[in-house]
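# Fold and geometry: a report
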Amino acid sequence: MKKSSLILFICLFFQQLNAQQAFEKRNNFIQLGYGPGLLYDQVLTAYDNKLGYTFSGIGPAYLGYERAIGNHFSLGLAVSFSQYGAEWDSTGAYTILPVPNPAPVPPITEPVATKYSIGVQSLSVMLRGTYHIAMCNDQLDPYFGLGLGFTSNILSWDSKPIDTYDSDTSFNEISAPVADAGTSFSYQVFVGARYMFSRSKTPFIKNCGLIAEIGYFGIFGGVPYGNVGFTYKF
């Protein structure tokens, strides 16, 4: 009896090892995800003490491709986008119109209540290397990895009088708190997991799954992020 049980256990064990895995060599994955930037507002902390300060943002949203180059390792490319910014109230100095001719130097100005805003758009392209933990499971695929690439940042400033003036001539806070706006080297470290619908009887659905990921994005001093999304294996 004991011998029969041992043989059955060994057979089941090797059957499980030979079963289809959620991640296997030569698998390809397309991934689409979205999530709130965790602590992205820390990028603009230089202004969070301003009157009427509010922060808003979207993303990061990302599209990625991944290729399994072994039973544990993969390489891929991910493109992500995020947009965030802040508004606050202050007082701006406005040139009194109409301007006399000849115009006085310095110009005649008066203080006017003003709403200021700053915005940042970030587009990142990352080459990602990932290690996948073998689970002997055709549904669960946990992993962790590192991404290296570049991020392009577009910085925008704006100021609008709360009442009647059309243009602000005094917004001179040029020392941007989001230093190094432009294109720069960036990196990310991440950990995540896929859950594949491998046991579905529908051919298309069985190659689909859900994905969740958290990580750390090394730009603007570093910010954590998280996202969830969908994946398709082929």
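Everything here concerns the structure above.
Computed from a predicted structure; not experimentally measured. Counting restarts for each chain, with residues numbered from 1 along the sequence as it is written. Local features in this predicted model are restricted to residues whose pLDDT is 70 or higher, and side-chain atom pairs enter the listing and the counts only when it is 80 or higher, whereas totals over whole chains, interfaces and linings include all residues. Hydrogens and water are ignored here; the side-chain numbers use all heavy atoms of the structure.

## So, the overall build of the protein chain
In plain terms, the rule: In DSSP terms, a helix is any run of H or I states spanning at least four residues, a strand is any run of E spanning at least two, and both are numbered starting from the N terminus. Accessible area is worked out with a 1.4 Å probe on protein chains only. A residue is then buried under 20% of its type maximum, exposed over 50%, and partly exposed in between. Here a residue-residue contact requires only that any non-hydrogen atoms of the pair lie within 4.5 Å. Each accessible area value is a Shrake-Rupley result obtained with a 1.4 Å probe; residue values ignore everything except the protein chains displayed when judging cover.
When its secondary structure is counted, the protein chain shows 1 helix and 8 strands. Counting from the amino terminus, the protein chain carries its helices and strands in the arrangement α-β-β-β-β-β-β-β-β. Per-residue burial for the protein chain yields a buried fraction of 36% across its 234 residues. Relative to all contacts within the protein chain whose residues are 6 or more apart in sequence, the contacts with residues 24 or more apart total 72%. As displayed, the protein chain offers around 13700 Å² of accessible surface, 64% of which is attributable to carbon and sulfur atoms.

## Structural notes on unusual backbone geometry
Trans is the common state for peptide bonds, and a negative phi is the common state for residues other than glycine. Between glycine 59 and proline 60 the backbone carries a cis peptide bond, its omega angle lying at 15 degrees. Mapping proline 60 onto the fold places it in strand β2 (residues 51-68). Within the chain, arginine 26 stands out as a residue other than glycine whose phi angle is a positive 75 degrees. Counting through the fold element by element, arginine 26 comes out in the loop between α1 (2-18) and β1 (28-34). The class of arginine 26 is exposed, set by a relative accessible area of 54%.

## Examining the environment of asparagine 71
Note on placement: asparagine 71 falls in the loop between β2 and β3 (73-95). The class of asparagine 71 is partly exposed, set by a relative accessible area of 47%. Each C-alpha atom of the pair asparagine 71 and asparagine 27 lies 9.2 Å from the other, and the pair is 44 residues apart in sequence. Here asparagine 71 is in contact with Phe23, Glu24 and Lys25, once residues within four sequence places are set aside.

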